[in-house]
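An overview of the molecular structure
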Amino acid sequence: MKELHKFEEMFMVFASSLAEFGSQIEEAEFKNEVGLVSYQTSRKLKDLYQEVEEDLERLKEYQKQK
């Protein structure tokens, strides 16, 4: 369980950086092709965050059952 806690801490640092980067992309309001790519990048970052969060929840449930 100690390893899971450490992993969660590391994920929170990563997630915070992702959120900040995503916010900066949205605030920049790029236009044309750059705008499209920056929007896609922002969406991918949000999706990645959600996937890792779901994986963490599954791991917590597994740990409880173990």
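What this report covers is the structure whose coordinates are included nearby.

What counts and what doesn't
Numbering of residues starts from 1 in each chain and follows the order in which that chain's sequence is written. With the structure being a predicted model, the display of local features is reserved for residues of pLDDT at least 70 and the display and counting of side-chain atom pairs for 80 or more, all residues being used for whole-chain, interface and lining totals. The side-chain figures draw on all heavy atoms in the structure; neither hydrogens nor water molecules are used. The secondary structure listing takes helices from DSSP runs of H or I that are at least 4 residues long and strands from runs of E that are at least 2 residues long, numbered from the N terminus. As a reference, a globule follows 2.2 Å times the number of residues to the power 0.38, and the radius of gyration itself is taken over C-alpha atoms. The rule is simple: take the accessible area with a 1.4 Å probe, protein chains only, and divide by the maximum for that residue type; under 20% is buried, over 50% is exposed, in between is partly exposed. Neither His nor the chain ends contribute to the count of charged residues, in which Lys and Arg are positive and Asp and Glu negative. Taken as the charge location is NZ of Lys, CZ of Arg, CG of Asp or CD of Glu. Multiplying 1.5 Å by the helix residue count minus one yields the expected span of that helix. A contact between two residues is defined here by any heavy atoms of the two lying within 4.5 Å.

Brief notes about the overall build of the protein chain
Broken down by element type, the protein chain carries two helices and zero strands. Scaling as 2.2 N^0.38, a compact globule of 66 residues should have a C-alpha radius of gyration of about 11 Å, whereas the protein chain reaches 15 Å, well beyond that. Considered along the principal axes of its C-alpha atoms, the protein chain spans approximately 50 × 15 × 10 Å. Within the protein chain, the fraction of its 66 residues that count as buried is 18%. Both charge centroids of the protein chain, one from 10 positive and one from 15 negative side chains, sit 4 Å from each other.

Side note on helix 1 (residues 2–28)
Between its first and last C-alpha, helix 1 extends 40 Å over 27 residues, near the 39 Å set by a 1.5 Å rise per residue. Among all positions in helix 1, only L4, F11, A15, L18, G22 and I25 are buried. Where helix 1 is buried, its residues touch helix 2 (32–65). One or two positions beyond helix 1, positive phi appears at E29, with a value near 50°.

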